[in-house]
Amino acid sequence: MFGTWKSLTLGVPLLPAMMMGVITACVGGIIRDVLAGEPSILLKPEIYVTAAALAAGLFGSLLWVGLPILPAAIISACAGFTLRAMAILKGWAIPAYKN
């Protein structure tokens, strides 16, 4: 969400700003994994990028329809956190391609 908000404040159009929000969240996760010496979470079938996309997309959409920043941020953060938490608790994962 922060990447989306920052992009919007710099004049980036809505769709690229939402993509920047997802990219900044994922790169932050990659940096965390590299510093921790862990394999990147992006290489696993976990719901990680999807949660970032939900939060960034929802945040941008809520701002687009005219909701103030703070309520939009709270709703979006809760939605992204809930999806990620449920994925961890329930073992949800992205379907893998099988030949």
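The shown structure was predicted, so the numbers you read here are calculated from the model rather than taken from an experiment.

**Q** Quick question: what am I supposed to make of helix α4 (residues 69–90) here?
**A** Helix length check: α4 (22 residues) gives 31 Å between terminal C-alpha atoms against 32 Å at 1.5 Å per residue, within 8%. Among all positions in α4, only Ala 72, Ala 73, Ser 76, Gly 80, Leu 83, Arg 84 and Ala 87 are buried. Looking straight down α4, one finds its buried side chains confined to an arc of 110 degrees; they lie on one side. Facing away from the buried side of α4 by more than 90 degrees, the exposed set consists of Leu 70, Phe 81, Leu 89 and Lys 90. Against α3 (49–64) lie the buried residues of α4. Just beyond α4, the residue with positive phi is Gly 91, at close to 75 degrees.

**Q** Looking at this structure, I do not really get the packing of aromatic side chains. What am I missing?
**A** Geometrically, a pair of aromatic rings is defined through the distance of the ring centres and the angle of the planes. Scanning the entire structure with this criterion turns up one aromatic pair. An angle of 40 degrees between the planes, with centres 5.6 Å apart, marks the rings of Phe 2 and Trp 5 as tilted. Taken together, the positions of Phe 2 and Trp 5, both in helix α1 (residues 2–9) and three residues apart, correspond to about one turn of that helix. Look at Phe 2 and you get exposed, because its relative accessible area is 60%.

Conventions and cut-offs
- Residues numbered from 1 in each chain as written.
- Predicted model: local features only at pLDDT ≥ 70, side-chain atom pairs only at ≥ 80, totals over all residues.
- Heavy atoms only, no water.
- Helix = DSSP H or I, 4+ residues; strand = E, 2+ residues; numbered from the N terminus.
- Expected span 1.5 Å × (residues − 1).
- Buried < 20%, exposed > 50% of the residue type's maximum accessible area, 1.4 Å probe, protein only.
- Arc of directions from axis to C-beta.
- Contact = heavy atoms within 4.5 Å.
- Phe/Tyr/Trp six-rings, centres within 6.5 Å; stacked < 30°, edge-to-face > 60°.

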